[in-house]
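# Coordinates in review
Single-letter residue listing:
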Amino acid sequence: MDAQHNTADSGDTELRQQDAAHHLHPFTDSAALNRRGSRVIDRADGIYLWDTEGQQLIDGMSGLWCVNIGYGRQELVDAASRQMQQLPYYNTFFQTTTAPATRLASRLAELTPGDLNHIFFANSGSEAIDTVIRLVRRYWEVAGKPWRKVLIARHNAYHGSTIAGTSLGGMAAMHKQGGPWLPGIEHIRQPYWYGEGGELSADAFAREAAAALEAKILEVGPDNVAAFVGEPIQGAGGVIVPPPGYWAEIQRICRQYDILLVADEVICGFGRTGNWFGSQTFGIEPDLMSMAKGLSSGYQPISAVAVGDRVANALIEGGGEFGHGFTYSGHPVACAVALENLRLLEAEGIIDRVRDDTGPWFQQQLRERLGDHPLIGHIEGVGLVAGMALVQSKAPKTFFASDLDVGTICRDHCFANGLVMRACGNRMVLAPPLIITREQIDQLLSRARHCLDLTLDSLRALGVMPD
Ligand code: PXG
């Protein structure tokens, strides 16, 4: 697991030394990384990556859930280059705008569901989440209920890693480092049926998991709650797909208590689930929506918050100056690239194909080809995103002890054998670029099956699985 990369005669030795000496990586145990040396990713095309040692990898994670359109699109390079030549930067603070920022706001207003007609730009998903918190609290001040401050989110949710994003997210490991966290944030249980549903049917569990929201609202006091925030599918939490009925019930409860509903679409947005947004897949109409990643397919850092008429009009008509924004809000190069990305996603029918063809094929093949593997307890997913629970035994359902790091063992086999598949605890997740073909899905799943076999061998060698 901790094998050195073959650095002996590679030209990367110096790069690895510099990396170990000077580069602090995100979400990384630097000591462990530096013992082993970074893998240097060098180039990419379509769904494939190559490292500097010449190994080809299928990128089963679209980078970090973001390269929806795949690598190597010259159109996006050209859009950036044109914009950089014409106007590399101007801000949107001083009663100014740029054509790409305004056009992108207008396009997003068209694409987003319901009356999400107003767009605030930022640069990352975390900043979009900070913006959501500032917007909803400001909204209630302007609406004459400044005591409505509390945001409710879920355990095992991921909403970024700024102070606000970490506070709102429900990642226990993150909360253990560097608090105190933002006050006025509450968490409820996640809708993880396979892991936490016990003997309940999916329907009954959906009702019970949603009822936790109502219970929390009553505990906090309905008039103190500003908003509920949730990912349509929890991505970094391991691809937790809520059982049918959950989201409808969450929306009903929010409406009943007049609580703003926020969908964090940073992963689900831009085709991942077979519609433009996960909210459409789950039939909800949020009051606000955060988005990033697939907005530019990762070719530029950009994020946005779509704001519905109710909140936006209150702020526009009664809010005066909103004291929030970033130097690069609406960066013209990022907006130009995002516009071109959205144009291509639509013009090439990429999202329709995920909904009607490659998404269903991926889901069906996953179950058919991996479902019977001794390590796979359960597979859940929609479109081109899926999560698989690794289990010690299927019946009775027995999860691995978390300190075994079974997910990491599997991930390392994948990396060594030409596949990027991410581990979230003891769940393996896949979210390949949306341009993946049926043949490439077959190739991906063959590699995944092989790596699961290698993981089983490793676990047998450790005496954790029977021979
Ligand atoms: N919301 C959601 C739903 C996300 O998935 C963010 C907000 C924050 O976005 P930024 O751009 O600030 O990273 C995310 C990001 C992983 C992983 O390993 C997931 C994310 C980021 C980094 C790693 O699964 N999601």
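This text goes with the structure placed above it.
Residues numbered from 1 in each chain as written. Predicted model: local features only at pLDDT ≥ 70, side-chain atom pairs only at ≥ 80, totals over all residues. Heavy atoms only, no water.

### A closer look at the nonpolar core
- Within the largest apolar cluster, 70 residues are counted, with the highest numbers of intra-cluster contacts made by L108 and F121.
- Formed jointly, this core draws a minimum of three residues from each of two domains, domain 1 (39-68 + 349-461) and domain 2 (74-347).
- If we skip the residues at most four places from it in the chain, L108 touches I119, F121, F270, M291, L295, A304 and L342.
- Core analysis: the second largest hydrophobic core is formed by 40 residues, A206, V220, W247 and V420 among them. (Core = buried A, V, L, I, M, F, W, Y, C linked by side-chain atoms within 4.5 Å. Buried < 20%, exposed > 50% of the residue type's maximum accessible area, 1.4 Å probe, protein only. Domains from an automatic or database assignment. Contact = heavy atoms within 4.5 Å.)

### Some words on the sheet that holds strand 2 (residues 48-51)
- Taken together, four strands build an open sheet; the order of strands is 1-2-3-14 and the sheet is mixed. The open sheet has two free edges, formed respectively by strand 1 (41-45) and strand 14 (419-420), since each of these has just one partner strand.
- Summarising the sheet, strand 3 (residues 56-59) and strand 14 pair through two bridges and their orientation is parallel. Across the sheet, residue I58 finds its bridge partner in strand 14, namely L419.
- With respect to the sheet, helix 17 (residues 438-461) is in contact with strand 2, strand 3 and strand 14, its orientation differing from that of strand 3 by roughly 110°. (Pairing = 2+ DSSP bridges. Helix = DSSP H or I, 4+ residues; strand = E, 2+ residues; numbered from the N terminus. Axes fitted to C-alpha atoms, helices over the stretch in contact; angles between N-to-C directions.)

### Concerning the sheet that holds strand 9 (residues 288-291)
- In space, the seven strands of this open sheet follow the order 4-10-9-8-7-5-6, with mixed pairing throughout. Looking at which strands have only one partner, the edges of the open sheet turn out to be strand 4 (116-122) and strand 6 (185-188). For this sheet the average axis-to-axis angle between neighbouring strands, irrespective of direction, equals 20°.
- Looking at chain direction, strand 5 (residues 150-154) and strand 6 are connected through four bridges and run parallel. Within strand 6, the position partnered with L151 by the bridge is I185.
- On top of the sheet, helix 5 (residues 99-111) reaches strand 4, strand 9 and strand 10 (303-308); it is set at about 135° to strand 4, its chief contact.
- The sheet contacts of helix 10 (residues 202-220) involve strand 5, strand 6 and strand 7 (225-230), and relative to strand 6 the element is tilted by about 145°.

### With respect to a nonpolar patch on the surface
- Together, L87, Y90, F93 and F94 line one region of the surface with nonpolar side chains, adding up to about 400 Å² of accessible area.
- Within the element layout of this structure, F94 appears in the loop between helix 4 (74-86) and helix 5. (Patch = residues over 30% accessible without salt bridge, like charges linked within 9 Å, V, L, I, M, F, W, Y side chains within 5 Å. Areas by Shrake-Rupley, 256 points an atom, 1.4 Å probe, with all protein chains shown as cover. Salt bridge = Lys/Arg side-chain N within 4 Å of Asp/Glu carboxyl O.)

### A closer look at helix 4
- Between its terminal C-alpha atoms helix 4 stretches 18 Å, which fits the 18 Å expected from 13 residues at 1.5 Å a residue.
- All buried positions along helix 4 are accounted for by L76, A79, A80 and Q83. The arc that holds the buried residues of helix 4, viewed along the axis, is 95°, so those residues lie on one side. Exposed residues pointing more than 90 degrees away from the buried face of helix 4 are listed as R82 and Q85.
- On its buried face, helix 4 is in contact with helix 5 and helix 14 (332-347). (Expected span 1.5 Å × (residues − 1). Arc of directions from axis to C-beta.)

### A look at the site of the ligand
- Close contacts around the ligand come from 15 residues, with W65, G125, S126, D264 and R422 the closest.
- Contacts to the ligand include G125, whose backbone N or O atom sits 2.8 Å from an oxygen atom.
- At 2.6 Å from an oxygen atom of the ligand is found a side-chain nitrogen or oxygen belonging to S126.
- In the complex, 85% of the free accessible area of the ligand, which totals 540 Å², lies under the protein chains.
- At the level of elements, helix 3 (62-65) and helix 6 (125-142) are the ones that each hand at least two residues to the shell around the ligand.
- Taken together, the residues of the shell around the ligand break down into six nonpolar, five polar and four charged.
- When residues of the shell around the ligand are sorted by domain, at least three fall in each of domain 1 (39-68 + 349-461) and domain 2 (74-347). (Near = heavy atom within 4 Å. Polar contact = N/O pair within 3.5 Å; in protein donor to acceptor, adjacent residues only side chain to side chain. Nonpolar A, V, L, I, M, F, W, Y, C, P; charged D, E, K, R; others polar.)

### What about the environment of T437?
- Inspection of the secondary structure assignment puts T437 in the loop between strand 16 (427-430) and helix 17.
- Remark: the alpha-carbon pair of T437 and F362, spanning 75 residues in sequence, is separated by 9.5 Å.

### Quick notes on the pattern of salt bridges
- Within this structure, the stated rule accounts for 26 salt bridges.
- In this structure, R369 and D442 form a salt bridge, with 3.5 Å as the shortest nitrogen-oxygen distance. In this pair, R369 sits in helix 15 (residues 350-370) while D442 sits in helix 17, placing the two residues 73 residues apart along the sequence.
- For D442, a relative accessible area of 24% gives the class partly exposed.
- The salt bridge partner of D372 is R449, with a shortest N-O separation of 2.6 Å.

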